[in-house]
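Fold and contact review
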Amino acid sequence: MNTLMRLTVANIRSLVRDRAALFWTFFFPVMFVFLFGWIFGGSGDGKVAIGFVDQDNTPVSMGLQQAFSQVTLLTIQTGSLEAEKAAMQHGDISAIVVVPSGTGVAVAAKSATSIQLYIDPSSSQVSQVVEQIADQIASGFNLQLAGGSAVVGIQQMTLQSTNISTVAYLVPSILAMALMQLGVFAAIPLVQQREKGILKRIGATPLARWKLVGSNVLMRLMVAIVDAVVILGIGLIFFNVQIVGNLLAAAGLVLLGAGAFLAIGFALASFLKTEEQATGVVQVVQMPMMFLSGIFFSFDFLPGFLQTVARFMPLTYLADALRQVMVNGTQVAPLGVDVAILTGWLVVCLGIAARSFRWE
Amino acid sequence: MTQSGEPVIGVANLCKCYGDVKAVDGISFQVGRGEVFGLLGPNGAGKTTTIEILEGLREPDSGSVTVFGMDVTRHAPSIKQRIGVQLQTVSLYPRLTVTELLDLFGSFYAHHLPTKQLIDAVDLGERAKARSMNLSGGQQQRLSIALALVNDPELIFLDEPTTGLDPQARRSLWDLIKGLQGRGKSILMTTHYMEEAAELCDRVAIMDHGHILEMGTVPELIGRRFKERAVFFDTSPKLPVEQLGKLDGVTRAAVEDGQTVLYSRDVAGTIGALLGLTDQLNIDPHNLGIRQATLEDVFLDLTGRALRD
Ligand SMILES: Nc1ncnc2c1ncn2[C@@H]1O[C@H](COP(=O)(O)OP(=O)(O)OP(=O)(O)O)[C@@H](O)[C@H]1O
Ligand SMILES: [Mg+2]
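Basis of the calculations
Residues numbered from 1 in each chain as written. Chains lettered and ligands numbered in written order. Predicted model: local features only at pLDDT ≥ 70, side-chain atom pairs only at ≥ 80, totals over all residues. Heavy atoms only, no water. Helix = DSSP H or I, 4+ residues; strand = E, 2+ residues; numbered from the N terminus. Rg over C-alpha atoms; globule rule 2.2 N^0.38 Å. Buried < 20%, exposed > 50% of the residue type's maximum accessible area, 1.4 Å probe, protein only. Contact = heavy atoms within 4.5 Å. Areas by Shrake-Rupley, 256 points an atom, 1.4 Å probe, with all protein chains shown as cover. Near = heavy atom within 4 Å. Polar contact = N/O pair within 3.5 Å; in protein donor to acceptor, adjacent residues only side chain to side chain. Buried area = accessible area lost by both parts, 1.4 Å probe. Nonpolar A, V, L, I, M, F, W, Y, C, P; charged D, E, K, R; others polar.

When you go through chain A residue by residue, the secondary structure sums to 15 helices and five strands. By the compact-globule yardstick of 21 Å for 360 residues, chain A is too spread out, its C-alpha radius of gyration being 26 Å. The dimensions of chain A, computed from C-alpha atoms along their principal axes, are 90 × 50 × 30 Å. Looking at chain A as a whole, 50% of its 360 residues are labelled buried. Excluding contacts between residues fewer than 6 apart, the proportion of contacts in chain A whose partners are at least 24 apart in sequence is 78%. Summed over all atoms, the accessible surface of chain A reaches about 15,800 Å², with 63% contributed by carbon and sulfur.

Below, the structure is given as structure tokens:
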């Protein structure tokens, strides 16, 4: 095993054996996902909520409604088309089935007719499920009523759900928060190791300094990936938050975000002298970001002044980028801008750390 | 012991300031191959600063510093492969175990000794799986010494290696150091314990305020300052010092800590004359004794301070 790997393992061991550090890096974000998931999640049962709009009011339409509500995967709510569209746009439901007036008459006459299915093509997994279910129900109906000839067809309509559900908003946001804390909190063990003279002691060995730094970065990036898998996994399993975007792009963003905040942590460690100082300053840096960067509620709810403040915080852009890529969230800034800003923070803070970091 | 060939350490006119504080102020010395060299001096004398410059951890302000004949400021990486370092303050990853730390540090070097052998050398076998934060102070000190030996170095720097050790552990560390010297290792160490310097060091340098005040073997240093030996006894009002100063062989008489001390060139003559005098006065000198001057006396004389203040 080479030196870099051994050092990385040593860093991982030190982290895993440190209860406080473990709490902040893993349990704190996980706790938040559960907490806010339960508060805002509503149906945590993995079901897909759809709206059913009956404009026909015949035995045929009622039969269709019954058929949909018998599917265990679905929960059905009924209402006017306007109301259901609003609900879908708000992210409360994932699809709408509309039975237009005249359907019952057409079926009785065995002349072709169709029901409408509103889906959001950008949340493709849910849409596919709903589409398949609707197809099956329609063909079951045709078999039963018309001996197999295609009387009831499905007319697909698209409706962009501009607002994602609260939980879907929260999961990538909390991941962003976890990455921020992972990076910023890296300052504490660094300052600790300098204060205790560990960095100095290692300086007396032939170990190249980049390996010491590299092992720290490597360890934190590994933790970032684990954090991402755990948080997204909980989102998917317990709150049915699907990752719709490109996984590779998401992973890239996770690494970029972790890297940027790690650079901030290193830059902080360059200026902090004692462990107490580090613990204090790190909290002062991370707390406002946690509350102002649109993690727990949308950026738009902030008063104008605080929005301006939030626009200076790198976490705003990481959370925004993760939401855009993972759940099609509305954007605070275009993805390219998010990435550019995070890269900027990475480069500048790394430069500061490289110039000012003291080993002793 | 024997100084042969090129010295392993060469320091000439070394200076190092921290702001106004001249921590090291123009010192020069050499350490020969296989030699155990001791730096002695009161707190703040500049011992640690000197050692850490030699270890490549601090930049000298001026002067030349060579290790293995190479300039420390320019050849630090290759020097670091061949030296072992124990810092004055113990500095270990708190949550790694003894074994893990020795394995880790071993991996920093091109060549390293088996961890088991190192653990046995400092007698930490029972604590091999303990995290360093859970070791006692003395055990941490021993681990820190094992870490200094991990690369089987030719030159070992030990900054107060026995501070915090119990008498038994100190003895066993002395044996370890003697063993290292027996295998031809060179050692530069600091200590505040006189017996230790006298027991281990081939040569010592006494430092204060960044200067070297005196340098040589322990007998040399004592001989240079104190040609006399001391005759001492509990002070009695019937034996005034002024009178005692005139006894045979006495060069100086003084009262120190409730004892009368007669520094004498001729101990037999002085004692004979003293006993004659007490017979006459019909008194008994209490706690009469003779001693050689020690390194401690040299130290007091040079610095005006006890070694541990
Ligand atoms: N990093 C530093 N910054 C400022 N001053 C320092 C620094 N290190 C040492 N000094 C000062 O330099 C002087 C010499 O210190 P040094 O640590 O070399 O003494 P020492 O002989 O090792 O003392 P001790 O026996 O207490 O270990 C002291 O006055 C100390 O206060
Ligand atoms: Mg010192």
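Let us now look at the site of ligand 1. Residue and element names in this part refer to chain B. By nearness alone, 14 residues border ligand 1, and Asn43, Gly44, Lys47, Thr48 and Thr49 come closest of all. Alanine 45 is positioned with one of its backbone polar atoms (N or O) 3.2 Å from an oxygen atom of ligand 1. Residue lysine 47 places a side-chain N or O atom 2.7 Å away from an oxygen atom belonging to ligand 1. The fraction of the free accessible surface of ligand 1 (640 Å²) that becomes covered by protein chains is 65%. For the shell around ligand 1, the secondary-structure elements that each account for two or more residues are β2 (21–31) and α1 (47–54).

Taken together, the 26 residues of chain B in the interface contact 22 residues of chain A. Here chain B and chain A share an interface that buries about 2,400 Å² over both sides, 60% of which is from carbon and sulfur atoms. Three residues, Tyr93, Arg95 and Phe108 of chain B, lead the burial of chain B against chain A; their summed loss comes to 29% of the area buried on that side. Ranked by residue count, the leading element in the side of chain B that touches chain A is helix α3 (residues 98–106) of chain B, at four residues. When its residues are assigned to classes, the side of chain B that touches chain A shows 15 nonpolar, four polar and seven charged.

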